Structures are given as C-alpha cells and as structure tokens.
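# Summary of structural features
The chain contents come next:
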Amino acid sequence: MRWAVLAQVALCCLGTVRCFCPAQCTCTPNSRDGGSVSSSVVCNDPDMADIPINVPVDTVKLRVEKTGVRRVPSEAFYYLPDLRYLWITYNAVSALDPGAFYNLKLLHELRLDGNQISVFPWDALREMPRLRTLDLHNNRLAALPAEAVALLPGLTYLDLSSNRLGTLPSDLMDLWPPFNGSPVRKGAGQKVILGLQDNPWICDCRLSKIIALSKMTDCPVVLMDLFVTCSGPENLAGVLLQRVELEQCVKPTVMTSATQLTSPLGSNLLLRCDATGLPTPSLLWAKSDGTYPNNTVQESPVDGVRWSIMSLLGILGRDAGNYSCSAKNYAGNAQATISVAVAGGDVTTPPPPPLGTSAEPGTSGGPAVSTALPSTPSVTSASTTINTTLVPTTAAAITTPAPGSSPPTTAPPRLTTPPPPPPPAETKSPTPRPPKPPPGSDSRKLAADETSKKTDASRALRGLKVVEEGPDSAVLLWTAQGLARDAALTVVCSPYGDQDAKRTLETTAGSGKVLLEGLAPGLRYSVCLVGRGPTQGKDPCLDFYTLGEGGGPSLLLVASWVACAVALPLIGLLLYKIVALSCSGPPPDAEQLEKESYVGFETISMKQRGPGARASELWARRAPNDSERMMLCSRSSLDSQTTYKSESSRSEYLC
C-alpha cells in the first residue's frame, strides 16, 4: 500500500493525473495499456446531495449510487472527456438539464435506473455518439417522442422497463432488421437487447411491430422479458403480446398510375399514387436526389384509402428521374416508384422547312441545324409505360452551303403545322415540302416490323390462369415463351369494374407465378399481366373469384347444396308413387265386385190373392233395385252396431 501511495504522489508531482478525490467518494487508480493510469470513482454516501465536481480528470468510470442527488446540472461532466461508463443509479434524480451530458464524446454506457425521471433530454444523445447502452429502467417515463427514434440507431441495449409507457413510435422497430427491409441473417453475432416489461401497454396498431417481434424466433432484436402483457384495450387486458391478434390493422399497399413515363420537353405531367391500409396511411412523394416535391395534393375519400397526385408543369430535363411514393401507418410502410424520362431535350432531326422556301438538294455541306419550340403544354397521364413524341409547331432551319455554291440562304421562322412524319430510318436534309414515304420505303418496313414485334410480344405470355383461390389470396400462373427469364413484368389486379382500386406487383417472366395477397373474400377480380417496353401487344387478362369468409364455400353454394338435399328425396318419393300406381293395374268392375261379395239381398212382397190360391203362394220374391240395396246396406250396418237385441225383435230384412 505504501508503494502505491508513493507512486501516486510521484505521478501527482509530474502533473500526469489530477490528485483530488471527493471526500464522499472512493477513487481507485487503474493501469491502462501503454503504462497510463485511469481512475474509477464510486460515490455512495447517502448524505451526498449534488454531483461531485472535483473528480479526477482521468476518470473512466464514475458511479453515483444510493445518494440524495435530485438533479444533474448542465455540463456536470464537462471536465471528464475520457469518461466511458457513467452510472447514476438508485438516487432521487428527477431533473436532467439538457446539457447535462455535454462533452462526453467517448461515453459507452449510461445507466440512470432507479430514479424518478419523467422527462429525458433525448437531444443530449447527440453529445454521446459512441453510446451503446442506455438503461432507463424503473423511472417515470410516460412517452418516447418520435423525433428521438433517429438518435437511437447505435444502441445495442435499451431498457425502458418499469416505466409508465403506454405506446411507442411505430418507427422504433424500423431501426433494426427485418423491419428496416434488411434480410435477417442467421447466427448474427451482435444482438439488440430491448427491455419493455412492466409498462401499461395499449395494444393497438402502434405496437403491431412489437407484437410481431414477440412472435419471431430468430431475430437480431431480442426482448429482455418475453412475458410482456397488455393493459388495454379492455378485451386484451392481461394478454401476452405473443397471443395478441390485432383487428383493423393492415399494412399499407401502394399502387401507381404507371411504372415508366416518357413525356415531351415542356409538357405537363400528373403522377398519381393510391394507398390502402388501416389505419389510413399517409403519403409522401420524394425524388431520387433526396428532394421532396411540394406541388402535391392528396385526399382520403373513405377510411382506409388515400390518394395523392403530384403535378410537374412545363417539365425540363432536370425533372427526369425516379419519383417514389411512400405510404406509412402504424402497421408498417410501403413504397412504389415511377420512372420519368424527358424526350426532346436534344433535337437532332430537323423538321420540314416552312412552305415557300427553296432548298436545292445537295447544297448543304453538312447536317442542318434546327431549333424546335415545344407545342402547347398538355397533361399526360397513362398506365404502365407511356412514350410520346413531340410534334413541333414552330421551327427554323439554318442550312450551310457546300464550298463553291451560292451564299447560304436563311429562311425566316414561320409558323407551320406539318403532319407528323413517319419514323425515319436516318437523318435526311430538309425538302421544300413535307416528305411522303414512297411505296416500299423503309418507313413501311419499319411499321411492319413494329407490328410483328407487338404480335410476337403478345404471344410470348401464354397459359395465364389462377389457382389455389382462397378468401384473401390467389396464385397466378403463366408461361413465358420467347422472353428472357429476367424480363420485367407487372401484374395489375383490381376488383372487377373498379379501376380506381387497382394495384401492381413487380415480377419477372421466368418466375412463372406470383402470389396475390390482400384480396377481399367472395369478390370477383380482374388480373392482367403487363410487359414493359413500347412494343408490347395486347396484355393477357382474366377474371376470377375469391372464396367466402373463412375459406369455406360461399353462401350461394351452401344454399344450392341445401336445396338439392331437400328436393332429391321429394323427387324420389314422387317417382315411387307414380311407378306404384302404374304397376297396380286397372280398378275392378261392378261384376267382379258382385261375384266377390258374400251377402245377397232379397225383398219379399205379398202376392195378390185369387180364387183357389194356396197358402204357400202368398209371398213372392223380387230382386231389390239399387236404391233399396243402398238403404238395406246402410240399415244393416246400423243394426250390426247394436249391442243389445231383444228376443221378441225380429229382422225387418232378410239377408
């Protein structure tokens, strides 16, 4: 110990280290690589009320723990440029000045857990570019501002647990894969630790990415505690994030009016972008050079839908480039790009000279120089690929004569409206009148070639069909013949008859299939396969239906099944009755019934008496008629139902 004290005194004399240590702290010298000495200071006196100021300047690690410090003033550690570890833990700190961490360029770890901090100066992170660990555990933070997200990409450990946070900015998870678009690499060495437990989380779309993170198994971002629960809404209170299924929370999708546009110099151009998602996404236009155009309008006609139109008036060459339309909501973001090209910036083919001027063939010693003014600005709007050609209405031609010829004649500019010439095979000298292609010229051959190209291109995509239709998805198949495997294709899908709700998917010809997602159940859709380039023919299209809710049969199909199940037994019963009646034969006639009867009725009547008549001939028998027969049968049936008959009674009828 004595030698250590003597060594410290010697170093103090040499002025290498500042030899002061606060009375309420403990200073420990540490040796560095290269022979230099650094200090570690621990201050844990409960009676300490302020941050110590007479700490050695070579301090690398400072710990202020379990003291009565309530405030960290501005520039409290300005004279400690070598400080790498700063722990102010389990004190009574409730206020942090905005400049409290000024000049801590080398700080690697900042721990402020166990205090009463309700507002953290997030802008102070700019003074700590090498910060990797930020511990705010067990404080009173109620919000993480959205502007603070841009200051956190360098962190590998962020502990926000045991605070009063109810939500987080949706952009927070965009700092790390896979939410920032980067692929997830298995076995990545460095992990990002995120502590979120013990907070009153409101599980809505703003936490959709956190919920998705809790369900991932291999991700560079790791939750410190997997048992994070929701405090709201009421139907999700106490439910683990891993088991939460959010409703009315859909990642946005973006559709544009075109993917490539070519417009004349000086014309007007409208670019449209449509986005869908829940909650309703916001739209932002940006150019490839990093600028944000301000000549845009947007509107949300219904919940979950938003469109935006950007106008380019009198476009110039500098307006060419890629314009991206970005849609964003709490559930995620999406982007689509439109490539704009400007035609007519450098005009090399001269238009026909004005009428009334003469030009002899062969008098020009070189190519003619022309200056073309653009036509009246027009609004251009197209789908997929648009190519337009500028037709000049004002032109001036200047010719240069060959050596030895007559002096050059300059034709004055004159307003003309010539018909658009056919595509020339090569640049020709101007003639006094508009040229007409002769029969069998190259122009007709070029037109035939264009027609054949369109025909071949339209025949290159065959076998377009939809398989595996589900309630919200379908698979589109095709066969590409004569196209390169990497040839770009665009799949355009929209509800049948609703062109405003169409959306596009980019793919290649060699893939042969694409998955259509985000469809509505039980709806008819139209899908087209569009090839890029100006020589495409008619695009193949088809219509298909998605299944009903839950992937089961539609209501109409179920009703048909029920009707068949009820009608088939009735039809079978009816056929059985018809066959049974046809097989039973004709009904029996009256004679047959009389033969089969076992009872006959007779009527006895008294004969008229004559002289000499015998007693046995007083009665005569006669057959009853039909009316008597019916009466006898009826009376006989009534008599047969009597339960008592006296002995003195006698039958009135004889059977």
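Residues numbered from 1 in each chain as written. Predicted model: local features only at pLDDT ≥ 70, side-chain atom pairs only at ≥ 80, totals over all residues. Heavy atoms only, no water.

### Regarding the pairing of strand β32 (residues 524-531)
Extensive coverage of β32 is indicated by the burial of seven of its eight residues. Direction of pairing for strand β29 (residues 488-495) relative to β32: antiparallel, over a ladder of seven bridges. Residue Val492 lies in a different strand from β32, and its bridge partner there is Cys528. Across five bridges, the pairing between β32 and strand β33 (residues 541-545) is antiparallel. For Val527, the partnering residue across the bridge sits in β33 and is Leu542. (Buried < 20%, exposed > 50% of the residue type's maximum accessible area, 1.4 Å probe, protein only. Helix = DSSP H or I, 4+ residues; strand = E, 2+ residues; numbered from the N terminus. Pairing = 2+ DSSP bridges.)

### Notes on the packing of aromatic side chains
With the rule as written, the count across this model stands at four aromatic pairs. Ring centres of Tyr525 and Phe544 lie 5.9 Å apart, and the angle between their planes is 20 degrees; this geometry places the pair in the stacked category. Highlighted residues: Tyr525 in strand β32 and Phe544 in strand β33, separated in sequence by 19 residues. Given the relative accessible area of 5%, Phe544 is considered buried. A cation over a ring is seen here: Lys61 above Trp87, with NZ or CZ 4.6 Å from the ring centre. (Phe/Tyr/Trp six-rings, centres within 6.5 Å; stacked < 30°, edge-to-face > 60°. Lys NZ or Arg CZ within 6 Å of the ring centre and 35° of its normal.)

### What about the environment of Ser311?
Tracing the sequence through the fold places Ser311 in strand β19 (residues 305-312). Between the C-alpha atoms of Ser311 and Thr296, which are 15 residues apart in sequence, the distance is 6.4 Å. In this structure, Ser311 is in contact with Leu269, Leu270 and Asn295, ignoring residues within four places of it in sequence. (Contact = heavy atoms within 4.5 Å.)

### Topic: the sheet that holds strand β5 (residues 85-89)
Two pairing modes exist for strands in a sheet, parallel and antiparallel, and in both the strands are linked by backbone hydrogen bonds. Pairing is mixed across the open sheet formed by nine strands, whose spatial order is β1-β2-β3-β5-β7-β8-β9-β10-β12. With partners counted over all chains shown, the strands left at the sheet margins are β1 (25-31) and β12 (221-223), one partner each. Each neighbouring strand pair of the sheet contributes to a mean axis angle of 10 degrees, computed without reference to strand direction. With three bridges connecting them, β5 and strand β7 (residues 109-111) associate as parallel partners. Pairing of Tyr85 across the sheet is with Glu109, part of β7. (Axes fitted to C-alpha atoms, helices over the stretch in contact; angles between N-to-C directions.)

### Here we look at the layout of surface pockets
Rolled over the atoms, a probe with the dimensions of a water molecule shows which regions are left empty. Volume-wise, the second largest pocket comes out at about 550 Å³. Along its surface, the second largest pocket is lined by 24 residues, and Thr253, Thr276, Arg503, Gly518 and Leu519 are the ones closest to its centre. Looking at the lining of the second largest pocket, the elements with two or more residues in it are β14 (250-256), β16 (268-278), β21 (332-343) and β29. Looking at which element gives the most residues to the lining of the second largest pocket, the answer is β14, with five residues. Counted by class, the lining of the second largest pocket contains 13 nonpolar, seven polar and four charged residues. (1 Å grid on protein atoms, 1.4 Å probe; cavity = no way out; pocket = protein on both sides within 12 Å on 5 of 7 lines; lining within 4 Å. Points joined across faces, edges and corners; volume = space filled by probe spheres on them. Nonpolar A, V, L, I, M, F, W, Y, C, P; charged D, E, K, R; others polar.)

### Some remarks on the sheet that holds β33
Pairing is antiparallel across the open sheet formed by four strands, whose spatial order is β30-β29-β32-β33. Both edges of this open sheet fall to β30 (503-508) and β33, since each of them pairs with a single strand only. This sheet shows a mean twist of 25 degrees between the axes of neighbouring strands, independent of strand direction.

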